[in-house]
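If you want the building blocks of each chain, they are given just below.
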There are 2 protein chains.
Amino acid sequence: MKYPNSLIQLIRELSRLPGVGPKGAQRLAFHLFKIPHEDVESLAEAITTAKALLKPCPICSNITDEEVCAVCSDLERDPYLICVVESPNDIIAIEKAGGFMGRYHVTHGVYSPMDGVGPERLGLDKLLARLQRDVRTGEVLDPSRFEVVVATSMTTEGEATASLVHHQVSALGATVSRLAYGLPNGAALEYMDEVTLGRAFNGRQRI
Amino acid sequence: MKYPNSLIQLIRELSRLPGVGPKGAQRLAFHLFKIPHEDVESLAEAITTAKALLKPCPICSNITDEEVCAVCSDLERDPYLICVVESPNDIIAIEKAGGFMGRYHVTHGVYSPMDGVGPERLGLDKLLARLQRDVRTGEVLDPSRFEVVVATSMTTEGEATASLVHHQVSALGATVSRLAYGLPNGAALEYMDEVTLGRAFNGRQRI
């Protein structure tokens, strides 16, 4: 007794998705078997439609289905303030928090030479070019007028990415900053790890 | 700044899948954005192909892409021994364990009147009909020749399902049995819950 081939194929495809795994793929496949045909069609269609329409913004690599993404086409936003994030959903989080009125650069990953992810995979050439020339008008720009805020994760990989960005961007004379280390809102000290606590102490500010 | 519509639609579709949720759906969507078009195509195709080809076996409700499933079409297997399972992957697990040479009935879920899952949704009418008449030859059968082994989960819902099956099947005069309760292989007593331990004591056997 073995599964039908089309089921094996479906489970194989599903198990290649991140965070799914063989057991999850089985569960998903049996779920698809049980729900109505229309629902399966609309899932498959959403996948192919999104894949066909969505592309990286040519300026900042944010996901978009327009010529240029919604942030880059908003001329109210400060063009000299660029926040570097790992993923488009970091943009959503930052926009929800509000207060940041600059633009973005999305790396779609973290610096990891061991996994073959070097500066080019993070689109840093595009970021560096943006500091020197206006993509749309071709006007030459002074990199030292820019501030690049690195908002990658506070993890080893995120830090490596931040230090790579810092290295390359500051070489052009632009200012590079990093999000503040410290205690998150609502944090109980006893549950904080020592690295976070140490950094919160080092970054303490007079009140 | 908001996501493009096709991305919102994709995330909505993905988040309806079991065990995915809104965050997982986002991660999946960004993954699909990053991988090659061919890979996305073959995923979408695997979904629609499987959905088109796969159907429940008319006899036992196991998933199949043939007229009758691989187990039901195997005439070597004992037709008077039927194991009731919740899902087709339980069949795979039992077949891997080996030793069971009967057939199956798949309920595709557990008895849960509160969620609208009654005996008809579990296909019990089909199971009861099988005990009385050969589906293919039309020959009248004697239900008391059958043994139905209930292999639903050892959970509240699995037990409720087992008791429903027992009630309906034994009314026809067939024998109903349940998988043994006890300690799993490799179990350390100190980590076993008291219900399991209690059942293992009650079911103790002379050696």
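Quick note: structure is the one above.
This one's a predicted model, so the numbers in the text were calculated from it and none came from an experiment. (Residues numbered from 1 in each chain as written. Chains lettered and ligands numbered in written order. Predicted model: local features only at pLDDT ≥ 70, side-chain atom pairs only at ≥ 80, totals over all residues. Heavy atoms only, no water.)

Asker: Looking at this structure, I do not really get the environment of Leu183 of chain A. What am I missing?
Answerer: All names here are of chain A. Position of Leu183 relative to the elements: it lies in the loop between strand S6 (175–178) and helix H7 (194–202). Taking the relative accessible area as the measure of exposure, Leu183 reaches 38% and is therefore partly exposed. Put simply, Leu183 and Leu197 are 14 residues apart on the chain and 7.2 Å apart in space, counted from C-alpha to C-alpha. Residue contacts for Leu183: discarding those within four places in its chain leaves Leu189, Met192, Thr196, Leu197 and Ala200. (Helix = DSSP H or I, 4+ residues; strand = E, 2+ residues; numbered from the N terminus. Buried < 20%, exposed > 50% of the residue type's maximum accessible area, 1.4 Å probe, protein only. Contact = heavy atoms within 4.5 Å.)

Asker: Honestly, the pattern of salt bridges in this entry has me stumped. Any pointers?
Answerer: Between side chains of opposite charge, a pair can form as their charged atoms come close. Counted according to the given criterion, the structure contains eight salt bridges over all chains. We note a salt bridge from Arg16 of chain A to Asp39 of chain B, for which the minimum N-O separation is 3.4 Å. Of the two residues, Arg16 of chain A is situated in the loop between helix H1 (5–15) and helix H2 (21–34) and Asp39 of chain B in helix H3 (residues 37–53); the pairing between them involves two chains. Judged by relative accessible area, Arg16 of chain A falls into the partly exposed class, the value being 47%. One network of salt bridges, with partners in common, ties together Glu13 and Arg16 of chain A together with Asp39 of chain B. (Salt bridge = Lys/Arg side-chain N within 4 Å of Asp/Glu carboxyl O.)

Asker: I tried to follow helix H4 (residues 88–97) of chain B on my own but got confused; where do I start?
Answerer: Given 3.6 residues to a turn, an α-helix orients residues that are three or four positions apart in the same direction. Residues and elements named next belong to chain B. Turning to H4, its buried residues are Pro88, Ile91 and Ile92. Looking down the long axis of H4, one finds its buried residues gathered within 100° of arc, a one-sided arrangement. Residue Gly98 follows H4 closely and has a positive phi angle near 75°. (Arc of directions from axis to C-beta.)

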